[in-house]
Amino acid sequence: SLVGSEMCIRDRATLWECVCLAAALAVNNAGVGAAAGVSGLNPHWAALGNFLATLAALALGYRLGAGPAGRLLGKYALPLSGLLLILLGVWEMLG
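Conventions we followed
- Residues numbered from 1 in each chain as written.
- Predicted model: local features only at pLDDT ≥ 70, side-chain atom pairs only at ≥ 80, totals over all residues.
- Heavy atoms only, no water.
- Helix = DSSP H or I, 4+ residues; strand = E, 2+ residues; numbered from the N terminus.
- Buried < 20%, exposed > 50% of the residue type's maximum accessible area, 1.4 Å probe, protein only.
- Areas by Shrake-Rupley, 256 points an atom, 1.4 Å probe, with all protein chains shown as cover.
- Expected span 1.5 Å × (residues − 1).
- Polar contact = N/O pair within 3.5 Å; in protein donor to acceptor, adjacent residues only side chain to side chain.
- Patch = residues over 30% accessible without salt bridge, like charges linked within 9 Å, V, L, I, M, F, W, Y side chains within 5 Å.
- Salt bridge = Lys/Arg side-chain N within 4 Å of Asp/Glu carboxyl O.
- Disulfide = S-S within 2.5 Å.
- pLDDT = per-residue confidence, 0-100.

Comments concerning the overall build of the protein chain
Helix and strand content of the protein chain: four helices and zero strands. Counting helices and strands in the order they occur from the N terminus, the protein chain gives α-α-α-α. Residue burial in the protein chain is summarised as follows: out of 95 residues, 4% are buried. Carbon and sulfur atoms form 74% of the exposed surface of the protein chain, whose accessible area is close to 8,100 Å².

With respect to helix α2 (residues 43-66)
The end-to-end C-alpha separation of α2 is 34 Å, in line with the 34 Å expected for 24 residues at 1.5 Å each. Between a side-chain oxygen at the N-terminus of α2 and the backbone nitrogen of His44 the separation is 2.8 Å; the capping residue is Asn42.

Some points on a nonpolar patch on the surface
A cluster of nonpolar side chains, namely Trp45, Leu48, Phe51, Leu52, Leu55 and Leu58, defines an oily patch on the protein surface of about 660 Å² accessible area. Secondary-structure assignment places Leu48 in helix α2.

A look at helix α1 (residues 15-39)
Between its first and last C-alpha, α1 extends 36 Å over 25 residues, near the 36 Å set by a 1.5 Å rise per residue. Count one or two residues on from α1 and you reach Gly40, which has phi positive near 85°.

Looking at the state of the cysteines
According to the stated counting rule, one finds zero disulfides in the structure shown. The cysteine Cys18 is free of any disulfide, with Cys20 supplying the nearest cysteine sulfur at 9.4 Å. In this structure Cys18 comes out as partly exposed when scored by relative accessible area, which is 41%. Note on Cys20: relative accessible area 35%, which makes it partly exposed.

With respect to the confidence of the model for the protein chain
Chain-level statistics for the protein chain give a pLDDT mean of 81 and a share of 88% at 70 or above. Highest mean pLDDT in the protein chain belongs to helix α4 (residues 77-94) (90); lowest belongs to helix α3 (residues 68-73) (79).

Right under this line is the structure:
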């Protein structure tokens, strides 16, 4: 099993990696949908906004990862993403 920056060496994701990513995104989007419903947002606009934000984040991540910043920070991507998730969780708890 590949971990960390070793996954960045390959050109393509495996089927299992795609299934895991799809499952994680589905759970995340279910939470976004529930939050939008509780707050009274129109579900169609919430879904469209979430879709567009996801596409923008994917495009930005691809561009940053293919450039010098991606090569420089590539070996730190996994710990940095974990730290970012922790910080976002703390922010959500405090806010």
